[in-house]
Amino acid sequence: KEYKYLRAVGALYWRIVGFPAKDVYGFLEPLYADYRKLRYRDIDGSFRIVRMDEWVDDLLKKPTMMDVGLMQLTKREVL
């Protein structure tokens, strides 16, 4: 709980290797309640502030994250 960057990297790792989609959602959805700030470095070298819930939302919805291609997940409504 106190290491926010480790939690963010763990969420990215779980999104990359987690399968089936039900387990991925089960692990990542509780992180929507975490509103801590993360410093994120964009590809142009600038920094911006991202909240943990935004990070998780991007992990679940975007096809790539940090230049890593992510598998397409089954929609939550279908599960």
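Placed above this text is the structure.
Everything numeric here is computed off the predicted structure, so don't read it as measured data.

Caption draft 1: Fine view of the overall build of the chain. When you go through the chain residue by residue, the secondary structure sums to three helices and four strands. Secondary structure elements of the chain, listed N to C terminal, follow the sequence α-α-β-β-α-β-β. Relative to a compact globule of 79 residues, whose C-alpha radius of gyration would be 12 Å, the chain shows 13 Å and is just as compact. Over its C-alpha atoms, taken along the principal directions, the chain stretches across nearly 35 × 25 × 20 Å.

Caption draft 2: Summary view of the pairing of strand β1 (residues 37–41). Of the two faces of β1, the one lined by L38 and Y40 is fully buried and the one lined by K37, R39 and R41 carries no buried residue. In this structure, β1 lies alongside strand β2 (residues 47–51), joined through five bridges in antiparallel fashion. For R41, the partnering residue across the bridge sits in β2 and is F47. Here β1 folds back onto β2, and the loop between the two strands holds five residues, one of which, G45, carries a positive phi near 95°.

Caption draft 3: Spatial organisation of the pattern of salt bridges. Counted by the stated rule, this structure contains six salt bridges. Across the pair R36 and D34 runs a salt bridge whose closest N-O atoms are separated by 2.9 Å. Among the residues examined, D34 registers a relative accessible area of 6% and is labelled buried. Between D42 and R48 there is a salt bridge, with the nearest N and O atoms lying 3.1 Å from each other.

Caption draft 4: Structural detail: the environment of Y32. Tracing the chain through its elements places Y32 in the loop between α2 (21–28) and β1. We classify Y32 as partly exposed; its relative accessible area is 30%. Excluding residues within four positions of it along the chain, Y32 makes contact with D53, V56, D57 and L60.

Caption draft 5: How the structure looks around a nonpolar patch on the surface. The grouping of Y13, I16 and V17 at the surface amounts to a nonpolar patch, some 290 Å² of accessible area in total. Residue position: Y13 is located in helix α1 (residues 4–17). Exposure remark for Y13: the relative accessible area of 55% places this residue in the exposed category.

Caption draft 6: Expanded view of α2. Listed in full, the buried residues belonging to α2 are A21, V24, Y25 and L28. What you see down the axis of α2 is that its buried residues fit within an arc of 95°, all on one side. Buried residues belonging to α2 abut α1 and α3 (52–61).

The rules we used
Residues numbered from 1 in each chain as written. Predicted model: local features only at pLDDT ≥ 70, side-chain atom pairs only at ≥ 80, totals over all residues. Heavy atoms only, no water. Helix = DSSP H or I, 4+ residues; strand = E, 2+ residues; numbered from the N terminus. Rg over C-alpha atoms; globule rule 2.2 N^0.38 Å. Buried < 20%, exposed > 50% of the residue type's maximum accessible area, 1.4 Å probe, protein only. Pairing = 2+ DSSP bridges. Salt bridge = Lys/Arg side-chain N within 4 Å of Asp/Glu carboxyl O. Contact = heavy atoms within 4.5 Å. Patch = residues over 30% accessible without salt bridge, like charges linked within 9 Å, V, L, I, M, F, W, Y side chains within 5 Å. Areas by Shrake-Rupley, 256 points an atom, 1.4 Å probe, with all protein chains shown as cover. Arc of directions from axis to C-beta.

All we've got here are geometric facts, nothing functional implied.
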